[in-house]
Amino acid sequence: MTQLFAQPYDISANGFYFESLEEFQAKMKVALNVYGQPVEEFELQFIDGDHIDCDLAKGWGINQANVGSYLDAVETWDDHDKRVFIIAVGEAGYSFDPETVSPNDFDVDVFHAQSMVDLAEDFVAEGLFGDIPDHLSHYIDYEAIACDLAVDYTETEIAGDYLIYRAA
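This is a predicted model, so every value here is computed, not measured.

### Section: the sheet that holds strand 6 (residues 161–167)
So, step 1. Strand order in the open sheet formed by three strands is 4-6-5, and the pairing between neighbours is antiparallel. Across the chains shown, the open sheet's two edge strands, defined by having one partner strand only, are strand 4 (108–111) and strand 5 (154–158). If you compare each strand with its neighbour and ignore which way they point, the axes differ by 35 degrees on average.
So, step 2. Across five bridges, strand 5 lies against strand 6 in antiparallel orientation. Bridge assignment links Glu-155 to a residue of strand 6, and that residue is Ile-164.
So, step 3. Along the sheet, helix 4 (residues 79–91) makes contact with strand 4, strand 5 and strand 6, crossing strand 4 at roughly 120 degrees.

### Details of a nonpolar patch on the surface
So, step 1. The grouping of Leu-128, Phe-129, Ile-132, Leu-136 and Tyr-139 at the surface amounts to a nonpolar patch, some 530 Å² of accessible area in total.
So, step 2. With respect to the element layout, Leu-136 can be found in the loop between helix 5 (116–125) and helix 6 (142–149).

### Some details on the sheet that holds strand 2 (residues 16–18)
So, step 1. Taken together, three strands build an open sheet; the order of strands is 2-1-3 and the sheet is antiparallel. Across the chains shown, the open sheet's two edge strands, defined by having one partner strand only, are strand 2 and strand 3 (42–48). This sheet shows a mean twist of 30 degrees between the axes of neighbouring strands, independent of strand direction.
So, step 2. As defined by bridge partners, strand 1 (residues 3–8) adjoins strand 2 across three bridges and the pair is classed as antiparallel. From the neighbouring strand, Ala-6 faces strand 2, where its bridge partner is Phe-16.
So, step 3. Of the strands in this sheet, strand 1, strand 2 and strand 3 touch helix 1 (residues 21–29), which is tilted by about 155 degrees from strand 2.
So, step 4. Sheet strands touched by helix 3 (residues 67–76): strand 1, strand 2 and strand 3. Its angle to strand 1, the strand with the most contacts, is close to 165 degrees.

### Description of the packing of helix 2 (residues 51–60) against helix 3
So, step 1. Orientation of helix 2 relative to helix 3, taken along the N-to-C sense of each, is 145 degrees, at an axis distance of 11 Å. Seen from above, helix 2 lies across helix 3 with right-handed handedness. Taking contact as the criterion, the partners of Asp-53, Leu-56, Ala-57 and Trp-60 in helix 2 are, on helix 3, Ser-69, Tyr-70, Ala-73 and Val-74.
So, step 2. In the contact of helix 2 with helix 3, the residues fall into six nonpolar, one polar and one charged.

What counts and what doesn't
Residues numbered from 1 in each chain as written. Predicted model: local features only at pLDDT ≥ 70, side-chain atom pairs only at ≥ 80, totals over all residues. Heavy atoms only, no water. Pairing = 2+ DSSP bridges. Helix = DSSP H or I, 4+ residues; strand = E, 2+ residues; numbered from the N terminus. Axes fitted to C-alpha atoms, helices over the stretch in contact; angles between N-to-C directions. Contact = heavy atoms within 4.5 Å. Patch = residues over 30% accessible without salt bridge, like charges linked within 9 Å, V, L, I, M, F, W, Y side chains within 5 Å. Areas by Shrake-Rupley, 256 points an atom, 1.4 Å probe, with all protein chains shown as cover. Salt bridge = Lys/Arg side-chain N within 4 Å of Asp/Glu carboxyl O. Left-handed = near helix turned anticlockwise from the far one by under 90°. Nonpolar A, V, L, I, M, F, W, Y, C, P; charged D, E, K, R; others polar.

Right, here's the structure in full:
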């Protein structure tokens, strides 16, 4: 379960932990500062949960207006969808509407590879460069292919996983 903290901008008020939108709204309604006045503005901070959900929170830019849709994404999206979103918004500069966002909105290809050379080897093995006879396979310059791939592909790390992506 993902745990967040609502830190009031009012320094005379105490914050609170929450794990759902309903809990956030209930605690926000009763939050008062030391003068008995309601607290209206909070900074939301990721406290505990899966590493990928922490990265998702950074990309999402969680705040009071979009925390509900963030928590929905945490619960309903799989890790691949979260990676696509993190790359699209956090690295490729896509914008999104928190109320209607879907990982399918983004044109991002994600590959699990440790390096561009590994990706080049995978592409050759998958036949992306056509059929290569066995007697010629030892002459393939994977580093040269990796240099060419680096023009369109980018390496990144998300939640401890090394990934290579291409965003259109």
